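Here is how the chains run, residue by residue.
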Amino acid sequence: MALDIKIPIKMSTRSQVIIVLLSFIILGLGYYFSTINLLNKEWLSRSGSLVVVLGIISGFSGIIQERLLISRLEIRKRVELLQKKRKLRLIKAEKDFIEKELTDIEGDFTDQANNLMNSIKFNVGIIEGLLLIFGTVIWGFGDIIMMALKQL
């Protein structure tokens, strides 16, 4: 028996998309500021450090999102359990049948929670990892990249 959830609980990708777009904007601005030699500084490397910060923020947002979605699922599970208990009491079901039904709901909740957490960890982990790696490379080698681009 599956949880009777009218609206599925899904991971929001909006925050991750915003973080990736911000990363591109920051890198673009870093490149632009470096090409115009703003304040006689190299800005591409500095923008790489900001991308690393966004990667860390991405990881934190994944943790927060996971907690929020699990709490929503927990509330739905409680409502489902209460409705099922009431329904089973009204039909005067046997104790073994009641326990089996409630155990099925608990099992379904556990499965959905595990699937949800795995999905969030995978999606956020990929974005976080890519931002951290890319930002660190730009941070460390941005000056060399800018010198190479200026010679082209």
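Look up: the structure comes first, before these words.
1. Here's the deal with the overall build of the chain
Line of reasoning, step 1. Per the secondary structure count, the chain includes three helices and zero strands.
Line of reasoning, step 2. If you list the helices and strands of the chain from N to C, you get α-α-α.
Line of reasoning, step 3. By the compact-globule yardstick of 15 Å for 152 residues, the chain is too spread out, its C-alpha radius of gyration being 24 Å.
Line of reasoning, step 4. Its C-alpha atoms give the chain principal-axis dimensions of roughly 85 × 20 × 20 Å.
Line of reasoning, step 5. Relative to its full complement of 152 residues, the chain shows a buried share of 32%.
Line of reasoning, step 6. In the chain, the proportion of contacts linking residues at least 24 apart, taken out of those at least 6 apart, comes to 84%.
Line of reasoning, step 7. Only carbon and sulfur atoms are counted for the fraction: they give 66% of the accessible area of the chain, which is about 10200 Å².
Line of reasoning, step 8. Of note, the chain has its 20 positive side-chain charges centred 7 Å away from the centre of its 15 negative side-chain charges.

2. A few points about helix H3 (residues 95-151)
Line of reasoning, step 1. Helix length check: H3, at 57 residues, gives a terminal C-alpha distance of 80 Å against a target of 84 Å (1.5 Å per residue), a fit within 8%.
Line of reasoning, step 2. Most pronounced at phenylalanine 141, the bend in H3 amounts to some 70 degrees.

3. Considering the packing of aromatic side chains
Line of reasoning, step 1. Per the counting criterion, the structure on display carries two aromatic pairs.
Line of reasoning, step 2. When the centroid spacing of 5.9 Å and the interplanar angle of 50 degrees are considered together, the rings of tyrosine 32 and phenylalanine 33 count as tilted.
Line of reasoning, step 3. A relative accessible area of 45% means that tyrosine 32 is categorised as partly exposed.
Line of reasoning, step 4. Overall, phenylalanine 33 belongs to the partly exposed group, its relative accessible area being 27%.
Line of reasoning, step 5. Taken together, a centroid distance of 6.2 Å and an interplanar angle of 75 degrees make the contact between phenylalanine 33 and tryptophan 43 edge-to-face. On the criterion of sequence distance, the pair formed by phenylalanine 33 in helix H1 (residues 14-35) and tryptophan 43 in helix H2 (residues 43-90) is long-range, its members being ten residues apart.
Line of reasoning, step 6. When its relative accessible area of 23% is taken as the criterion, tryptophan 43 is described as partly exposed.

4. Considering a nonpolar patch on the surface
Line of reasoning, step 1. On the surface, Tyr31, Ile133, Val137, Phe141, Ile144, Ile145, Met147, Leu149 and Leu152 cluster together to form a nonpolar patch covering roughly 900 Å² of accessible area.
Line of reasoning, step 2. For the nonpolar patch, the element with the highest residue contribution is H3, accounting for seven residues.
Line of reasoning, step 3. Along the polypeptide, isoleucine 145 turns up in helix H3.
Line of reasoning, step 4. Given the relative accessible area of 31%, isoleucine 145 is considered partly exposed.

Conventions used here
Sequence order as written defines the numbering, with residues in each chain counted from 1. It should be noted that, the model being predicted, local features are given only for residues of pLDDT at least 70 and side-chain atom pairs only at 80 or more, the latter also being counted only at that level, while totals for whole chains, interfaces and linings use all residues. Hydrogen atoms and water are omitted, and side-chain values are computed over all heavy atoms in the structure. Counting from the N terminus, the helices are DSSP H or I runs at least four residues long and the strands are E runs at least two residues long. Radius of gyration means the value over C-alpha atoms here, while the globule rule gives 2.2 Å times the residue count to the 0.38 power. When a residue's accessible area, from a 1.4 Å probe over protein chains only, is under 20% of the maximum for its type it is buried; when over 50% it is exposed; and in between it is partly exposed. Two residues form a contact once any of their heavy atoms are found within 4.5 Å. All accessible areas in this document rest on Shrake-Rupley with a 1.4 Å probe, and a residue is counted as covered only by the protein chains that are shown. His residues and chain termini do not enter the charge count, which takes Lys and Arg as positive and Asp and Glu as negative. Every charge is mapped onto a representative atom, which is NZ of Lys, CZ of Arg, CG of Asp or CD of Glu. The length a helix should cover is 1.5 Å for every residue beyond the first. Take the seven residues that end at a residue and the seven that start at it, fit an axis to each, and the angle between those axes is the bend at that residue. Note on aromatic contacts: the rings of Phe and Tyr and the six-membered ring of Trp form a pair at centre separations within 6.5 Å, being stacked when their planes are under 30 degrees apart, edge-to-face when over 60 apart, and tilted otherwise. Grouping into patches uses exposed residues only, defined as over 30% relative accessible area, and leaves out salt-bridged ones; the cut-off is 9 Å for like charges and 5 Å for nonpolar side chains (Val, Leu, Ile, Met, Phe, Trp, Tyr). The term salt bridge refers to a pairing of a side-chain nitrogen on Lys or Arg with a carboxyl oxygen on Asp or Glu at a separation within 4 Å.

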